[in-house]
Amino acid sequence: MLRGDHISVRYGAATVVDDLSFHLEEGQWLMLAGPNGAGKSTLIEAIAQGVPYTGSIRWEEQELRAMKPAQLAQRIGVLSQKNSVGYAYTVDEVVGLGRYAWKSGLFSGSDDQGKQQVEKALEMTGLTELRRASMLTLSGGETQRVFLAQVFSQNPQVLILDEPANHLDLKYQQHIFSLIQQWLREPGRAVLSVVHDLSLARRYGTHAILMDHGKTVSKGLIGEVMTPENLRQVYDMDVFAWMREMLSQWKE
């Protein structure tokens, strides 16, 4: 569905993503993992056409650079790590913005499935009761859920998520990841996400790319990537031992 070949992103003399390649197929949940500064979020920005890059990123056989914004938005939905609203839009209005890609023109009315998709997105993210609330009154976690609902209402084929559980308490972390997993079960869908929590990556990911300083350390099936040796190389610590030590505190 989505393929990147030899992607590099440079800011001046600094190479943030260095000759990275990936492919994303139907039914996969590809996790981008690695320490801060590994280039994960920058790769997301490149796929979203938010930063200049060298190399190729294609939807099936079509270069993303050659696609119109509406075409791209009908296929790929992006949730960034930080979202904010400076005006008193309602939750309903912000979620509805996800449907713009499906409208025939700037001043056209709602698309045929727009209302249904917005209602479904509000229900999935637990925001139905807050639909009339001003965005200016919401907590950080509620705001993040609104923008996830916006991406759900967009109804793309691929979700690209940069820390989707950022600012969310434990209940909604579980809720959001379970919802994404449920969304992924529909035919013709795939997910690519940045996740710092390696436990979440192992729990929900099918595949992974482990990154360090912009380069690929390992990629493939999640279990083949998240090995003690690979994680020690990237994080410079025994991640498995640390995880077991943390888990042991919860034993009765």
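If you're wondering where the values come from, they're calculated on a predicted model, not measured in any experiment. All chains use their own residue numbering, which begins from 1 and follows the written sequence. Whole-chain, interface and lining totals are the exception, using all residues; otherwise, since this is a predicted model, local features are given only for residues with pLDDT of at least 70 and side-chain atom pairs are given and counted only at 80 or more. As a convention, hydrogens and water are excluded, and side-chain values are obtained from all of the structure's heavy atoms.

S.K.: Any details on the pairing of strand β8 (residues 190-194)? Residues and values, ideally.
M.R.: The classification of residues rests on relative accessible area computed with a 1.4 Å probe and restricted to protein chains. Under 20% of the type maximum is buried, over 50% is exposed, and intermediate values are partly exposed. A run of H or I in DSSP becomes a helix once it reaches four residues, and a run of E becomes a strand once it reaches two; helices and strands are each numbered from the N terminus. Of all five residues that make up β8, five are buried, and the element is covered over most of its length. Neither face of β8 is left uncovered, since the one carrying Ala190, Leu192 and Val194 and the one carrying Val191 and Ser193 both have all their residues buried. When strand β3 (residues 29-33) meets β8, the two strands line up parallel, connected through four bridges. Along β8, the bridge assignment pairs Trp29 with Val191. A pair of strands counts as paired when DSSP detects no fewer than two bridges linking them.

S.K.: Outline the pattern of salt bridges, supporting the account with residue identities and numerical values.
M.R.: What makes a salt bridge here is a side-chain nitrogen of Lys or Arg within 4 Å of a carboxyl oxygen of Asp or Glu, nothing more. All told, the structure shown has eight salt bridges when counted by the stated rule. Here Asp18 makes a salt bridge to Lys215, at a shortest N to O gap of 2.6 Å. Placement of Asp18 in strand β2 (residues 14-24) and of Lys215 in strand β10 (residues 215-221) is noted, with a sequence separation of 197 residues between them. On the basis of relative accessible area, Lys215 is assigned to the partly exposed category, the value being 43%. Arg131 is the salt-bridge partner of Glu119, the closest N and O atoms lying 2.8 Å from each other. Here the residue Glu119 occupies a position in helix α4 (residues 114-124), and Arg131 occupies one in the loop between α4 and α5 (140-154), the gap between them amounting to 12 residues. Judged by relative accessible area, Glu119 falls into the partly exposed class, the value being 31%.

S.K.: Could you give an account of the packing of α4 against α5, with specific residues and numbers?
M.R.: Convention adopted: a line fitted to C-alpha atoms gives each axis, helices being fitted over their contacting stretch, and angles between N-to-C directions are expressed from 0 to 180 degrees. As a packed pair, α4 and α5 sit with axes 8 Å apart at the nearest point and diverge in direction by 140 degrees. Of the two elements, α4 crosses α5, and the hand of that crossing is right-handed. On α5, the residues that touch Gln117, Val118, Ala121 and Met124 of α4 are Ala149, Phe152 and Ser153. A class-by-class count of the residues in the contact of α4 with α5 yields five nonpolar, two polar and no charged. For any pair of crossing helices, the crossing counts as left-handed if the nearer helix is rotated counterclockwise from the farther one by less than a right angle, and right-handed if it is rotated clockwise. Contacts are assigned to residue pairs with any non-hydrogen atoms lying within 4.5 Å of each other. Amino acids are sorted into nonpolar (Ala, Val, Leu, Ile, Met, Phe, Trp, Tyr, Cys and Pro), charged (Asp, Glu, Lys and Arg) and polar (every other residue, Gly among them).

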